[in-house]
Amino acid sequence: MRPEALNPLFAEVQTLEGVGPKLMKPLEKLGLTRVKDIAYHLPERFVSRRMVADLDQASEGEQVIIALTPVEHRAPRPGSRGPYRVLAQDAAGNICSLNWFGKAAYGAKKLLPVGEARWIAGRLDRYGDMLQIVHPDHIEVESAAHMGRMSEPVYRLSDGLTQPRVGDFVEQALARLPELPEWIEPSQLERAGWPAWAAALRLAHAGSDAKARDRLAYDELLANSLALLLVKADGRRRRGQALIGDGALRAKLQLPFGLTGAQTRSIAEIEGDMVQEAPLLRLLQGDVGAGKTVVALNAMLIAVEAGKQAALLAPTEILARQHFETLRKMLGPTGVEIALLTGRAKGRERESILMGLLDGSIQLLVGTHAIFQDTVNYRDLGVVVIDEQHRFGVAQRLALAAKGKRAPHTLAMTATPIPRSLTLAQYGEMDVSRLDELPPGRQAIDTRVVPMERIEEVVAGIERHLAGGSQAYWVCPMVREIDGAPDLADIAAAEARFAGLKEQFGEAVVLVHGQLRPEVKDAAMERFATGQARLLVATTVIEVGVDVPSATLMVIEQAERFGLAQLHQLRGRVGRGAEKSTCLLLRSGQLSETGRARLALMRETQDGFRIAEEDLALRGGGELLGTRQSGEAGFRIADLEQVQRLLPVAHGDARLLMERDGGLTSPRGEAARMLLYLFERDWGVQLLRGG
Ligand code: ADP
Ligand code: MG
């Protein structure tokens, strides 16, 4: 049961004044459903504004307050995703366009009647010949008095929310903060000079206060470390089963290839864990194509040889099917019974699978989360393999682990190359095996860095490439978002590039970006996947969920604006077929030393681990960390830099607490329980009660 002191924080957002049914959705979209979520919705940055008499006095990119008089409203063409625009004039007669995307435009219509002067606050930009302010932060009738705050928080928004609204909700949430006992060691607090919890929250909203932000980040890291240590302690208490395979089934496998050194080593590590009674908890890391499946198969066969069952959990229906087919083929000569269970299985089919699991005739099960519903029971589950662990999370893993009579061994697999220093944060003290060697015969993707001035040659190269019957990607950067709306300049750049390429290649080109309606996007993707379209222009290829082996060329424009890990992921879209693939990184003229080093690294290596490590090192240096990148490391508050700096401290403190008070019953332990609730690591607390 959640401690009572936390109740005001866990009240629903609707209990805040001004949150009606209409705002529920946009708030939920940001993950803000409770009062505590609002309190923890920290500003992304702060702006300071300057009041200017006319537009000539302001420079581009500057945050200004200015009096403007609307002269004309221009709605977007029906069906287009363009902005709703209000053309407005300053005192000197200069025109500026005020732009809104999506639903935000509704407010604009009412607030900006033609001919009536208004105070506008926002960031002045230029688009072509036109000055513009996208989504002005404030519009006032009478005076600009309270828009001139030196430092104003800027919150992440979603469609339907405005800065003043969110600011108001935050204020209400902060007014409701209860007194909570301190969970941080007094010595640590003193050493770091951090404020108390409630004070830290207030300070973090009021200005860029590094100590306050650090304290809140540390709290989150401490909660995470504690929860993971509780899982570990629980695992140690529960008995697993030692599984010793005789190798008979593995010997019958007919693989069309020999294992790589890394595969052999990983299999040995896993087998070494499974012969022990303590349940195995291991993470298998390896780039896409590194050959994780066959390693997983070996782990599962060890269990089957030992007379137990094995289950493989995939994140999606499609992946579950793919795994099922692959494994069935490999298992051919072994006679092992394998079944597929997804949410789609109904009626008789489902019944028969459930029976088979219960009587043990099904030895190996592949499926989606459907395989750990309450109604699914195993005769004797020996090992669970989880593909793409980060999508499931520890809570689900625990639910699955509870299925075995004794705790089953758990092997998690991920293709995300996580730097070593972050593995701890995401996976706690799991043991890690790394497939750091690709199977032989893989063609390296020929990666080149090309200055932007040579774009015409690049386009000519694409022409030859398409003429040869291949397909290509053209990726435009879409890195920034302004207040929940994509950066107009980025979208404009992608649209412009598309228009230019279309002049040359006609119907063979399609465009995909996040501002298109899903049907339009899907149709474009479909045309590319089926080969009708030959060139795909896209803002992020992350949206491109398809595998197109005949696409063997990728151009990445303004490559220097991407994170290296992101470039690595993008590049992984080519090089999937037998053909040699090429990746061209287009860079703009002036690049810093570090910028050059980053792109050179991409050219030099295809090793996702190395790229991830170096990316982190380079960004830790601060060059690209202009905006806070929390979320990237899997945390809501802590950003990458804080994770690196504070995690070791938090982890050490969590261990110390566990050593002294593993049941969390001392006053500090009780406070730590609250922290676990606050950061939704309640599964950690649940384990306490169970043990
Ligand atoms: P991952 O799941 O790590 O992305 P897969 O297990 O799907 O990779 O393997 C990718 C491809 O490489 C598959 O076609 C697989 O058969 C093949 N493969 C795996 N191991 C080897 C190996 N040692 N030698 C050659 N090919 C291999
Ligand atoms: Mg795989």
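Sequence positions are assigned chain by chain, starting from 1 and proceeding in written order. As a convention, the first chain written is A and the first ligand written is 1, with the rest following in written order. A pLDDT threshold of at least 70 governs which residues receive local features in this predicted model, and a stricter bar of 80 or more applies before side-chain atom pairs are shown or counted, although totals over entire chains, interfaces and linings include all residues. Side-chain metrics in this entry use all non-hydrogen atoms of the structure; hydrogen atoms and water are not considered.

The cutoff for a nearby residue is simple: one of its non-hydrogen atoms must lie within 4 Å of the molecule or strand. Not every one of the 14 residues close to ligand 1 is listed here, only the nearest: Gly258, Gly289, Lys292, Thr293 and Arg442. What qualifies as a polar contact is a pair of N or O atoms within 3.5 Å, subject to a donor-acceptor requirement within protein and to the restriction that residues adjacent in sequence count only when both atoms come from side chains. A distance of 3.4 Å is found between an oxygen atom of ligand 1 and a backbone nitrogen or oxygen belonging to Ala290. Computed with the Shrake-Rupley method and a 1.4 Å probe, the accessible areas treat only the protein chains shown as cover for residues. Protein chains shield 69% of the accessible area of ligand 1, which is 570 Å² for the free molecule. Taken together, the residues of the shell around ligand 1 break down into 5 nonpolar, 6 polar and 3 charged. Note on residue categories: nonpolar means Ala, Val, Leu, Ile, Met, Phe, Trp, Tyr, Cys or Pro, charged means Asp, Glu, Lys or Arg, and polar means any other residue, Gly included.

The next thing to look at is the pattern of salt bridges. Pairs may arise between side chains of opposite charge once their charged atoms sit close together. A side-chain nitrogen of Lys or Arg and a carboxyl oxygen of Asp or Glu constitute a salt bridge if their distance falls within 4 Å. Taken as a whole and assessed by the stated rule, the structure comprises 30 salt bridges. For Glu116, the salt bridge goes to Arg118, with nearest N and O atoms at 3.3 Å. Looking at Glu116, the relative accessible area reads 41%, which means it is partly exposed. Burial classes follow relative accessibility: with a 1.4 Å probe on protein chains only, a residue under 20% of its type's maximum area counts as buried, one over 50% as exposed, and anything between as partly exposed. Residue class for Arg118 comes out buried when judged on its relative accessible area of 9%. Arg250 serves as the salt-bridge partner of Glu271, at 3.2 Å between the closest nitrogen and oxygen. Placement of Glu271 in helix α10 (residues 261-274) and of Arg250 in helix α9 (residues 248-252) is noted, with a sequence separation of 21 residues between them. Judged by its relative accessible area of 25%, Glu271 is partly exposed. Taking the relative accessible area as the measure of exposure, Arg250 reaches 17% and is therefore buried. Here the salt bridges share partners, and the residues they tie into one network are Arg265, Glu269, Asp273, Arg282 and Asp436. A run of H or I in DSSP becomes a helix once it reaches four residues, and a run of E becomes a strand once it reaches two; helices and strands are each numbered from the N terminus.

Here pLDDT means the predictor's own confidence in every residue, given as a number from 0 to 100. Scored by pLDDT, the chain comes out at a mean of 85, with 89% of its residues at no less than 70. Residue contacts are defined here by distance: any two heavy atoms, one from each residue, within 4.5 Å place the two residues in contact. Under a pLDDT of 50 for its full length, residues 621-631 has, in the predicted model, 22 contacts with residues more than four places off or in other chains.

Our next topic: the pairing of strand β18 (residues 471-475). Regular strands place their side chains on alternate faces of the sheet. Taken across its 5 residues, β18 has 5 buried, putting it largely inside the fold. By the alternation rule, side chains of β18 split into Gln471, Tyr473 and Val475 and Ala472 and Trp474, which are all buried. As judged from the 5 bridges shared by β18 and strand β23 (residues 551-556), these two strands associate in the parallel manner. When the bridges of β23 are listed, Tyr473 appears paired with Met554. Paired strands, as defined in this entry, are two strands with at least two bridges between them according to DSSP.

With that settled, consider the side chain of Glu62. When you line up the elements, Glu62 lands in the loop between β2 (50-51) and β3 (63-74). Overall, Glu62 belongs to the buried group, its relative accessible area being 18%. At 2.5 Å, the side chain of Glu62 forms a polar contact with the side chain of Arg50. At 3.0 Å, the side chain of Glu62 forms a polar contact with the backbone nitrogen of Ser59. The residues touching Glu62, leaving out its near neighbours within four places in the chain, are Arg50, Gly122, Arg123 and Leu124.

What follows covers the sheet that holds β23. Across the sheet, 6 strands lie side by side as β17-β24-β23-β18-β22-β21; this open sheet has parallel pairing. The open sheet terminates on both sides in strands that have one partner only, identified here as β17 (446-451) and β21 (509-512). Taken pair by pair, the neighbouring strands of this sheet meet at an average axis angle of 20°, ignoring direction. Sheet topology note: the β21/strand β22 (residues 535-538) ladder contains 4 bridges and is parallel. Looking across to β22, one finds that Val512 is bridged to Ala538. Helix-sheet contacts for helix α19 (residues 564-571) involve β17, β18, β23 and β24 (582-587), and the interaxial angle to β23 is about 155°. Note on method: axes are straight lines fitted to C-alpha atoms, helices fitted across the in-contact stretch only, with angles between N-to-C directions ranging 0 to 180 degrees. Of the strands in this sheet, β17 and β24 touch helix α20 (residues 593-604), which is tilted by about 150° from β17.

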